[in-house]
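Per-entry structural report
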Amino acid sequence: MAARKLTAGRILEVLSSGSRALAGRDERVLVRVHVDATCPRGLARCVRDALVPERGTGDVEVLPLAAPPVGADAPDVALVLVGDGPCAELVGSYARAGVPVAMVVEGALDAPRLELPEQAAALVGTVAASSPEALLDKLAEWLAASCDKDLALAANFAFCRRAVSDALVARCALENAAVGAISLIPGSDLPVMCVNQAKLALELAAAHGLEVRPERALDLVGVVGAGLVWRALARRLVSLVPGVGALLKAGVAYGGTLATGAAVRLHVSADAAPAPAAGPGGQRAPAARLPAPGEAPPPPPAARAPGVPPAPPYCLLYTSDAARAPRGRGVRHHRGRRVMRARRECLFDRLEPLLARVEHPGRYLDHEWGSVSEQDGPFHLCMVYADVYEVGQPNLGVAILYNQVNAQEGMSCERCYLPWKDMAALMREEGVPLLSLESASPLASFDAVGFTLAHELIATNVLEALDLAGIALTSAERDEDDPIILAGGPSAWNCEPIADVFDAVLLGDGEESIVDACACIRDARAEGLSRADVLRRLARVPGTYVPSLYEVRVDETSTRWGYAAPLPGEDVPAVVLKRCVNDFAATPAVAQRIVPYVGIVQDRLSLEVLRGCARGCRFCQAGMTYRPVRERPAEQVVSGGVEGLLASGHNEISLTSLSTTDHSQCARILNEMNAALEGKGIRVSIPSQRLDAFGVEMAAAVAGGKRGGLTFAPEAGSQRLRDVINKNVTEEDLERAARNAFEGGWRRMKLYFMIGLPTETDEDVVGIARMAERVLEIGREVVGRGVRSGVSVSISVAVLVPKAYTPFQWCGQLAPDEVRRRQRLLLSEIRDRAIRVSYHDADVSLVEGALSRMGRAGFPLVRRAWELGCTFDAWTSEFDVSRWERAAADCGLDLADVACEDFPLTARLPWDHTSPGVDAGFLQREWRRAVEGVTTPDCTRATCAGCGVCPTLGVRNVIQGVRS
Amino acid sequence: MSSAQPFSGRPQDLPVKADLARLRVEYGKAERLAYLGHLDLIATVERCIRRARLPFSIGNGYARRVRIQFSSALPVGASSSCEYFDVRLTERVDAREALRSLRAATPEALAPLRAEYVPGRLPALEAWLDRSSWELACPRLAVGAEDLEEGVRRVRAAGELTYLRGEREKRVDLASTLVGFEAREEGGVVRARVETRVGATASLRPQVLLDAALSALGVPPATGVRVRRTAQLHEESGRLVEPFGPFGNEAPAPLS
Ligand code: SF4
């Protein structure tokens with residue numbers, strides 16, 4: 001964190017700057033006013049009323065025009081209220097004596113002409129005002145600019161405060177601009193800026209005549225938190241200004257400080273004025289507050305009595321309040337904020353020169369085959385997958401929504417991916433904002449922007465994308481005209497930790513709801529509704545959750561994270577239910593129409609053959625949240641697949657779903673597909689195999705001559721534990737599947753397991769090793785024992801991350817130390833060299849776990865992690881647990897504490913208000929059955945298990961044939 | 001394992017029946033795609049051929065790739081008006097018809113310009129097209145056209161050019177690879193024409209030559225340079241053969 005990076009010297013500097021500010025405030029200041037008897041009355045009265053010193057340190061002398069010449073008792077500043085009488089000589093004498101002097105006149109023409117040497121002339125000002133109101137502002141401006149004792153002036157005369165503050169902010173901003181210009185590494189200039197901002201805060205406090213205690217300066221360093229917010233805003237501002245890199249960067253620092261100054265000034269004014277009423281954030285857990293060095297971190301949220309609003313140390317730290325206050329309280333708009341939407345224009349020529357300087361420039365090209373190049377709108381949506389192109393482009397969800405929206409009259413949809421770190425750094429340096437692919441328009445110019453929450457670890461990348469785009473990170477900080485920021489996707493089921501970011505979250509199937517949401521935004525905008533009302537309108541679209549219309553309450557019925565309830569007076573559903581497209585066959589079989597130029601992670605055509613899975617594995621979130629099961633008819637799959645391949649030119653097609661081999665027409669689909677594609681050099685693949693003989697048969701059907709590795713997921717090492725997780729697979733199933741596979745020509749077997757499952761014992765862990773040995777033994781029996789037989793087994797062991805809306809949602813994650821002990825135990829049990837073990841990084845799982853369990857008050861952690869440089873957390877090469885730990889410490893949290901906490905079975909959970917339709921009672925029942933080791937059958941093969949989805953949503957399973 | 005591989009090389013190097021029709025296609029690479037790498041380009045062209053529904057032939061290899069051969073890779077950052085690929089077809093469809101379907105199935109930025117059948121036993125494109133012409137457009141160059149020519153003369157006099165490509169040092173023999181250079185000035189932009197030949201050493205990249213010439217003149221490397229390949233030819237005993245022929249009789253007939 002920035003405050004910790006401060007060196008001793010820097011701290012000294014702040015402290016001494018504090019005493020300087022103190023001294024400046026307490027200096028004596030003498031203002032002399034000469035009044036011409038014929039001067040305009042109004043002006044004279046106005047000046048007289050304004051020049052009443054509030055402190056003992058200010059003196060005002062009022063003299064007639066004809067007064068003795070300036071001597072040893074020269075004032076600090078002189079004003080001459082000009083009338084008909086001659087005043088040129090008087091003014092000249094002050095100027096020659098080095099005293100700043102202003103002629104106060106009604107119109108500029110009323111001021112006499114002066115013949116003065118250049119240096120003296122610089123001290124003379126003309127303050128022309130036709131009305132008393134205008135006069136004071138102008139006079140204050142002149143005083144702030146001309147008088148050395150600006151702090152003392154401001155401390156004594158209220159009318160000077162704004163002008164002096166403005167001048168201080170501008171000066172500090174210039175200093176910061178210099179810092180920004182010389183620093184090359186983005187972010188490295190923060191500590192310096194933060195000191196300057198602290199100094200600024202002190203001076204501002206002094207200017208307001210407040211008690212300035214240098215100790216408080218370090219506390220004020222917390223403004224850097226707000227500074228970052230404003231920097232983001234300011235970046236957006238400067239990204240619109242053409243210019244070159246360093247200049248722009250300096251501009252960012254400048255703009256950021258201006259805005260910070262505005263926020264600090266506001267805060268100081270609030271201190272001086274009656275305390276502002278607690279905002280709607282009062283009930284929330286506090287945002288991250290940066291502890292000063294040596295200060296104990298604030299207590300974790302759990303330590304506070306539930307329901308007691310925490311006293312904000314600084315309203316500034318409630319960024320949302322700080323952002324709201326200026327408008328609500330009638331204070332002039334910040335200069336650092338952009339009120340107008342960014343212009344829609346192609347900025348590819350700004351990006352292009354950077355292509356030669358980055359890795360894999362092909363990521364940033366558009367105009368791929370099948371992309372929709374005509375983007376006429378007039379309503380523009382941009383779908384963002386916040387990872388690099390190669391990872392994001394294969395995402396089927398984005399493809400589906402892209403087609404849906406582009407198919408609408410008057411709506412267009414573009415794509416955007418997160419640039420890799422090298423490109424992001426260059427874009428910041430050159431002031432190029434994040435652009436869409438199709439039209440290369442700034443993201444900030446769109447009507448709406450939709451993020452795909454593909455997994456929990458994408459959270460920091462969402463912030464990074466918004467910041468690169470120059471869009472405020474939270475809904476509360478956004479301006480009227482900013483794009484509406486939407487989100488949706490598989491990890492929206494606990495979106496609370498980043499709910500502050502989104503204006504609305506679309507739950508469930510998006511193909512219809514995205515169109516509804518866009519239409520709603522378009523119409524509401526056309527009616528001229530305010531942003532807040534647009535969001536209210538959005539909340540009426542079924543399946544749309546608008547976080548800002550809910551407040552989080554912590555009480556004895558909830559966990560420490562509380563639960564969300566509609567804000568008083570807001571007409572929004574207490575529980576938002578997901579959308580569900582029951583007639584799956586009516587949706588197009590092939591959604592992927594874009595054929596990338598560059599190699600992507602899944603370089604093939606994907607076809608979604610079925611949606612949902614009702615096997616009921618108790619750890620699986622998708623298995624609960626995508627219900628009911630909807631199969632696409634075989635004919636549609638085959639004809640759609642063949643047509644899609646011809647249209648795309650791919651040489652591989654993947655039949656995707658949560659469990660493709662469960663499709664009741666799976667065998668028929670594969671046979672017909674193979675026949676139709678014979679001799680075309682095209683492979684068919686299915687992502688996962690069922691753990692039984694049928695699974696192997698299907699794997700053989702798509703493998704052609706190729707026998708690579710075969711993957712099975714027994715998940716647990718003992719029958720007892722498999723019953724706990726409802727993995728309805730027996731030892732015999734596995735053995736038969738393995739035997740079939742080895743007989744079918746496969747040599748390498750990959751087995752997926754989890755540790756940290758509820759009720760797991762050491763015996764279950766050791767069971768994983770035994771199972772791997774058993775499979776290896778079967779392989780050797782079938783193929784032969786020599787090394788040359790090539791039989792090998794690899795096991796991959798993940799840590800259970802309990803997810804929302806699963807029967808394990810109440811369980812804490814296994815503590816990291818215990819995870820490591822069980823990993824070691826398993827490793828020590830593996831004795832055969834032909835068995836390879838790989839682990840998921842326990843630290844990654846821990847962060848994933850924390851993000852899965854936190855409520856809305858977890859946002860500061862995400863934001864802090866991003867501020868500390870966490871991005872691309874899903875990339876092993878980029879994931880850095882130490883930054884996450886630091887971020888958690890800065891927020892008074894502990895990752896393990898958050899991830900491993902058990903919730904009471906009866907507690908209201910942070911995600912209860914966004915529901916996939918699964919009954920809480922069903923989940924509780926499933927949890928009890930789990931503990932008892934009782935399994936629950938698959939409702940597509942047996943009777944309804946009573947999960948509640950079908951009656952709640954008015955939908956049903958759609959099975960084409962009979963499932964085996 | 002399935003049956004052992006009969007041939008360890010790349011699928012497109014597999015011996016093919018000489019009676020398979022060999023369609024040669026000329027296409028451009030627009031400036032916008034200048035940063036598209038060669039491997040990505042190969043995959044893209046294969047998809048275009050599939051989309052065009054040409055009766056392409058599939059290699060015998062494990063990966064079952066379409067039988068295509070490409071002319072030499074463009075340096076990253078260069079565009080071109082004259083790239084080539086040969087695709088083997090199982091049926092001798094009308095070349096004009098094939099061109100039409102290819103054009104309809106290819107992104108504008110890689111639009112095919114010409115397609116004709118060529119003799120099946122010509123050497124592989126990559127080695128056969130050994131001469132290239134390039135155009136460089138250098139805005140904001142610190143020196144004029146004449147100075148630049150002088151710089152190139154100096155570099156050439158040294159006989160050899162070394163440069164770093166990533167970590168590795170590359171050595172280019174200029175006597176064999178640099179055929180010609182001329183520069184002129186046009187509205188503040190220096191435009192240079194470079195003629196290169198594929199030699200025994202590393203090939204000569206025009207941008208590398210430009211940077212070397214500038215460094216010989218003691219000025220910093222140029223930025224914002226646009227490089228474009230404008231012609232590829234085959235040099236045969238002092239004679240230049242166009243990619244679409246007419247082809248000399250003395251052409252050897254190795255398998256391709
Ligand atoms: S309500 Fe019954 S039939 Fe429908 S998904 Fe749930 S368990 Fe299956």
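**Some thoughts on the overall build of chain A**
Within chain A, the secondary structure is distributed over 33 helices and 24 strands. In chain A, which comprises 964 residues, the share counted as buried stands at 54%. The long-range share in chain A, meaning contacts at least 24 apart out of those at least 6 apart in sequence, stands at 76%.

**Observations regarding the environment of Glu169 of chain B**
With respect to the element layout, Glu169 of chain B can be found in strand β7 (residues 168–173). Discounting chain neighbours no more than four positions away, the residues touching Glu169 of chain B are Thr162 and Leu164 of chain B.

**Section: the sheet that holds strand β18 (residues 652–656) of chain A**
Residues and elements named next belong to chain A. Strand order across the open sheet formed by 3 strands is β15-β18-β19, with parallel pairing between neighbours. Of all strands in the sheet, those with a lone pairing partner are β15 (605–608) and β19 (683–685), marking the two edges. Within the sheet, the average angular offset between the axes of one strand and its neighbour, ignoring direction, is 20°. One ladder, built from 3 bridges, connects β18 with β19; its direction is parallel. Considered in β19, the bridge of Ile653 is made with Val684.

**What to know about the domain arrangement of chain B**
Where interface size is given, it is often the accessible area lost as the parts come together that is meant. Residue and element names in this part refer to chain B. Domain annotation for chain B reports domain 1 (11–128) and domain 2 (131–235). Each of domain 1 and domain 2 has a C-alpha centre, and the two are 29 Å apart. Contacts between the two partners involve 12 residues from domain 1 and, on the opposite side, 10 residues from domain 2. The element contributing the most residues to the side of domain 1 that touches domain 2 is strand β3 (residues 78–89), with 6 residues.

**A word on the interface of chain B and chain A**
The interface is formed by 22 residues belonging to chain B together with 21 residues belonging to chain A. Looking at the side of chain B that touches chain A residue by residue, the class counts come to 9 nonpolar, 5 polar and 8 charged.

**Section: unusual backbone geometry**
Residues and elements named next belong to chain A. Looking along the chain, the bond that leaves Arg627 and enters Pro628 is cis, with omega of -5°. Looking at the secondary structure, you find Pro628 in the loop between α20 (621–625) and β17 (630–631). The phi angle at Ala440 is positive, at roughly 55°, despite the residue not being glycine. Summarising the element assignment, Ala440 is placed in the loop between α16 (421–430) and β8 (448–452).

**Points about the sheet that holds strand β2 (residues 58–64) of chain A**
Residues and elements named next belong to chain A. Spatially, β2-β1-β3-β4-β5 is the arrangement adopted by the 5 strands of the open sheet, whose pairing is parallel. The open sheet is flanked by β2 and β5 (124–128), the only strands paired with a single partner. Averaged over neighbouring strand pairs, the angle between their axes works out to 20° when direction is ignored. The pairing of strand β3 (residues 77–81) with strand β4 (residues 101–105) spans 4 bridges and is parallel. Bridge pairing links Leu79 to Ala102 in β4. Against the sheet, helix α2 (residues 41–50) makes contact with β1 (29–35), β3 and β4, and its axis sits at roughly 155° relative to β3, the strand it touches most. Of the strands in this sheet, β1, β3, β4 and β5 touch helix α3 (residues 88–96), which is tilted by about 150° from β4.

**A few points about the nonpolar core**
Grouped together as the largest cluster of nonpolar side chains are 248 residues, with contacts concentrated most on Leu443, Val462, Leu486 and Ala504 of chain A together with Leu209 of chain B. Setting aside its immediate chain neighbours within four residues, Val462 of chain A contacts Ala386, Phe451, Ile498 and Val501 of chain A. Of all hydrophobic cores here, the second largest spans 47 residues; its members include Val33, Val101, Ala102 and Ala129 of chain A.

**Quick notes on the confidence of the model for chain B**
Residues and elements named next belong to chain B. Predicted confidence across chain B gives a mean pLDDT of 85, with 88% of residues reaching 70 or more. Across residues 1–9 the pLDDT falls below 50, and counting only partners more than four positions away or on other chains, this stretch makes 5 contacts in the model. Considering only residues more than four positions removed or in separate chains, one finds that residues 252–256, a stretch of pLDDT under 50, has 7 contacts. Our summary of model confidence lists the complex with pTM equal to 0.70 and ipTM equal to 0.80.

Rules used throughout
All chains use their own residue numbering, which begins from 1 and follows the written sequence. Starting at A for chains and at 1 for ligands, labels are handed out in the order in which the entities are written. Two thresholds apply to this predicted model, a pLDDT of at least 70 for residue-level local features and 80 or more for giving and counting side-chain atom pairs, whereas whole-chain, interface and lining totals are computed over all residues. Strands are runs of DSSP state E lasting at least 2 residues, helices are runs of H or I lasting at least 4, and numbering of each runs from the N terminus. Any residue surrounded by 20 or more other C-beta atoms within 10 Å of its C-beta is treated as buried, while 12 or fewer makes it exposed and the intermediate range makes it partly exposed; C-beta atoms here are placed from the backbone. In this description, any two residues whose backbone-derived C-beta atoms lie within 7 Å of each other are considered to be in contact. One bridge is not enough; two strands pair if DSSP finds at least two bridges between them. Axis lines are fitted through C-alpha atoms, for helices just across the contact stretch, and the angle between N-to-C directions can take any value from 0 to 180 degrees. Domain limits in this description derive from either an automatic procedure or a database domain assignment. Each residue gets one label: Ala, Val, Leu, Ile, Met, Phe, Trp, Tyr, Cys and Pro are nonpolar, Asp, Glu, Lys and Arg are charged, and the others, such as Gly, are polar. Nonpolar cores are identified as sets of buried Ala, Val, Leu, Ile, Met, Phe, Trp, Tyr and Cys residues joined via C-beta atoms within 7 Å. Here pLDDT means the predictor's own confidence in every residue, given as a number from 0 to 100.

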